[in-house]
Structure formats: C-alpha cells, structure tokens
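# Geometric and topological summary
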Amino acid sequence: MTDQSSTDHRSRVLGTEEIRRALTRIAHEILESGHGAEDLVLLGIPHRGVPLARRLAENIVRAEGLGGDIERLHGSLDITLYRDDLRKHPTRAPSPTRIPHEGIDGRTVVLVDDVLYSGRTVRAALDALSAIGRPAAVRLAVLVDRGHRELPIRADHVGKNLPTSRSERVFVHLTETDGEDCVDIVRPAGEDQA
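Just so you know, these numbers come straight off a predicted model, no measurement behind them.

This paragraph deals with the overall build of the protein chain. Within the protein chain, the regular secondary structure consists of 4 helices and 8 strands. Counting from the amino terminus, the protein chain carries its helices and strands in the arrangement β-α-β-α-β-β-α-β-β-β-α-β. For the protein chain, whose C-alpha radius of gyration is 17 Å, the value lies close to the compact-globule estimate of 16 Å for 194 residues. Within the span of the protein chain, comprising 194 residues, buried residues form 47% of the whole. Long-range pairs, those at least 24 residues apart, make up 67% of the contacts in the protein chain between residues at least 6 apart in sequence. Here the protein chain has roughly 10100 Å² of accessible surface; of this, 48% comes from carbon and sulfur atoms. Across the protein chain, the 27 positively charged side chains and the 31 negatively charged ones have centroids separated by 3 Å.

We now examine unusual backbone geometry. The phi torsion of most residues other than glycine is negative, and most of the peptide bonds are trans. Look at the link from Pro-46 to His-47: it is a cis peptide, with omega at 15°. Tracing the chain through its elements places His-47 in the loop between β2 (40–44) and α2 (49–64). In the Ramachandran plot, His-148 falls in the positive-phi region, its phi being about 70° despite a non-glycine side chain.

The next subject is the confidence of the model for the protein chain. Averaged over every residue, the pLDDT of the protein chain is 91; the share at 70 or more is 92%. Within the model, the stretch residues 1–5 combines pLDDT values under 50 with 5 contacts to residues more than four positions away or in other chains.

Moving on, we get to the sheet that holds strand β6 (residues 157–161). One open sheet holds the 5 strands; their spatial order is β3-β2-β4-β5-β6, and the pairing between them is parallel. Looking at the sheet topology across the chains shown, the edges are occupied by β3 (74–76) and β6. Looking at each pair of strands side by side, their axes are set apart by 25° on average, direction ignored. Inspection of the sheet shows β2 paired to strand β4 (residues 108–116) by 5 bridges, in the parallel sense.

Attention now goes to the packing of aromatic side chains. All chains considered together, the criterion is met by 0 aromatic pairs. One cation-aromatic arrangement involves Arg-146 over Tyr-117; the distance from NZ or CZ to the ring centre is 4.1 Å.

Now for the environment of Pro-51. Along the chain, Pro-51 turns up in helix α2. Judged by its relative accessible area of 12%, Pro-51 falls in the buried class. Residues Pro-51 and Gly-36, 15 residues apart in the sequence, show an inter-C-alpha distance of 21 Å. Dropping the residues within four chain positions of it, Pro-51 is found in contact with Leu-174, Glu-176 and Thr-177.

Moving on, we get to the pattern of salt bridges. Under the definition given, this model contains 19 salt bridges. Its salt-bridge partner being Glu-71, residue Arg-98 comes within 4.0 Å of it at the nearest N-O pair. Linking Arg-98 in the loop between β3 and β4 with Glu-71 in the loop between α2 and β3, this pair joins segments that are 27 residues apart in sequence. In this structure Glu-71 comes out as partly exposed when scored by relative accessible area, which is 43%.

Mapping Asp-156 onto the fold places it in the loop between β5 (137–145) and β6. Along the sequence, Asp-156 and Leu-111 sit 45 residues apart, while their C-alpha atoms lie 10.0 Å from each other. Ignoring sequence-local partners within four residues, the contact set of Asp-156 consists of Glu-29, Val-138, Arg-139 and Leu-140. Among the polar contacts listed, one links the side chain of Asp-156 to the backbone nitrogen of Leu-140, at a separation of 2.8 Å.

Turning to the packing of helix α1 (residues 16–34) against α2, a few remarks are in order. α2 packs onto α1 with a crossing angle of 65° between their chain directions and a minimal axis gap of 9 Å. Between α1 and α2 lies a crossing of right-handed hand. On α2, the residues that touch Ile-19, Leu-23, Thr-24, Ile-26, Ala-27, His-28, Ile-30 and Leu-31 of α1 are Leu-52, Arg-55, Leu-56, Asn-59, Ile-60, Ala-63 and Glu-64. Taken together, the residues that form the contact of α1 with α2 break down as 10 nonpolar, 3 polar and 2 charged.

Parameters at a glance
Positions within a chain are numbered from 1, following the residues in the order the chain's sequence is written. With pLDDT at 70 or above as the cut-off, local features in this predicted model cover only qualifying residues; side-chain atom pairs require 80 or more to be listed or tallied, and sums for whole chains, interfaces and linings still use all residues. Side-chain descriptors were evaluated using all non-hydrogen atoms of the structure, hydrogens and water having been removed beforehand. Secondary structure is summarised from DSSP: a helix means a run of H or I of at least four residues, a strand means a run of E of at least two, and numbering begins at the N terminus for each. For this measure, only C-alpha atoms enter the radius of gyration; the expected value for a globule follows 2.2 Å times N^0.38, where N is the number of residues. Summary of the burial criterion: residues with accessible area below 20% of their type's maximum are buried, those above 50% are exposed, and those between are partly exposed, where the area comes from a 1.4 Å probe applied to protein chains only. Only heavy atoms enter the contact rule, under which two residues are in contact if any of them lie within 4.5 Å. Surface accessibility follows the Shrake-Rupley procedure with a 1.4 Å probe radius. Residue values consider only the protein chains on display as shielding. By the counting scheme adopted, Arg and Lys are positive, Glu and Asp are negative, and His together with the chain ends is not counted. Charged groups are reduced to one reference atom each: NZ for lysine, CZ for arginine, CG for aspartic acid, CD for glutamic acid. Known as pLDDT, the predictor's per-residue confidence is scaled from 0 to 100. Whether two strands pair comes down to DSSP finding at least two bridges between them. Angles shown run from 0 to 180 degrees and are taken between the N-to-C directions of axes, each axis being a line fitted to C-alpha atoms and, for helices, limited to the stretch in contact. Between the rings of Phe, Tyr and Trp (Trp by its six-membered ring), a pair exists once the centres lie within 6.5 Å; its type follows the angle of the planes, with under 30 degrees stacked, over 60 edge-to-face, and the other angles tilted. Our definition puts a charge over a ring when NZ of Lys or CZ of Arg is within 6 Å of the ring centre and also within 35 degrees of the ring normal. Salt bridges are defined as contacts in which a side-chain nitrogen from Lys or Arg sits within 4 Å of a carboxyl oxygen from Asp or Glu. Any pair of N or O atoms that falls within 3.5 Å is considered a polar contact. Within protein, one atom must be able to donate a hydrogen and the other to accept it, and sequence-neighbouring residues count only if both atoms are side-chain atoms. Note on convention: near helix rotated counterclockwise from far helix by under a right angle means a left-handed crossing. Clockwise means right-handed. Gly is placed with the polar residues, together with every amino acid not listed as nonpolar (Ala, Val, Leu, Ile, Met, Phe, Trp, Tyr, Cys and Pro) or charged (Asp, Glu, Lys and Arg).

Here it is as structure tokens:
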C-alpha cells in the first residue's frame, strides 16, 4: 500500500457488503441498458478494474442464467502505451490485454475501472480499444466516481459518487489484489473535514 502520516484521517466509505451490492446493481444496469448479455464484453483496466470486470461478469452470468459461460464476457485491456504521462513515469510494466475469443467488433464493450478521476485513464483505454477493434458501443462502469474531470468523460454506471477535494486520496482494496474489499478516503493532516 502507500505510506501515510499517522495524522492523516482515513474514513471507510464502502465495506464488503456495500461493494457487493454496488456491483450487483451495476451488473443489472448494464443488462438493462444493453437489453441482455448477448453481445456484451466487459474489459477491466488493470489493475483493479480486471477483478471488478470479472465480478460483474459473474453477476451477469448468474442473472441471465448463462451457466459457466463467463470467459466470453470479460477480459482485460492494457493501456500502458496509450497513457499521456509516460514521460513523467516511463517505467511502467505492461499488463496483458486479454480479449474474449469472439473479439469486440460489433459488440457492446463496457470498460471497467475502480476510480474515475481526471478521465485520462479512460481516454487511454479508448485509444487502446480503437487499436484492437471497432465495438458497436462503448460504456464505462466504475466503482467510485470522485469528480475532478479534466476531460469530457463520464461513467454510465457508478457504484458510488464520492465528492472529494484534490488533496484527498481514494484507495480501493479488493480481495483479489489486497486481501479485503473496501474503499477508503484519506484526508491529509490539517485539512478541514466537511
């Protein structure tokens, strides 16, 4: 995780059950907006978007009664080479891009990420997506939308809108990557809490 001063204030905004409920709701919203799972692909943006995409796919398979057909519904989309901050942080290890066998052409792709902030990660994901195919539609699902957009990007499906200041940090922890499910917000020491 990250080092933080012991005087920083950490607040839990989502726990295990809240995350579970948010993902169940998002899965149903995705199904309703696209009229089912027939031509649907969920692509997680590494790192925490990948397990979130898998969980959403599991919820969709369960809701639609598709049996064990989860692998055709989800994958991962590496955005490393499409980021606009590579000059500042040039040593980034690419993650694998894994697209379902049927591909993305003509299908509805839902990009999945943990936190939506400036919109730059999503812009990079859109560029990476256009390099591998042409979906019929692209949607965005995020667990947390914290505001402060720098680009005209918005999520179609949001687990929790979490207004923050720019100095605050939002930490998403998932069982698959961190050993627990929770979302915390950390306010720097001395910042007034509203």
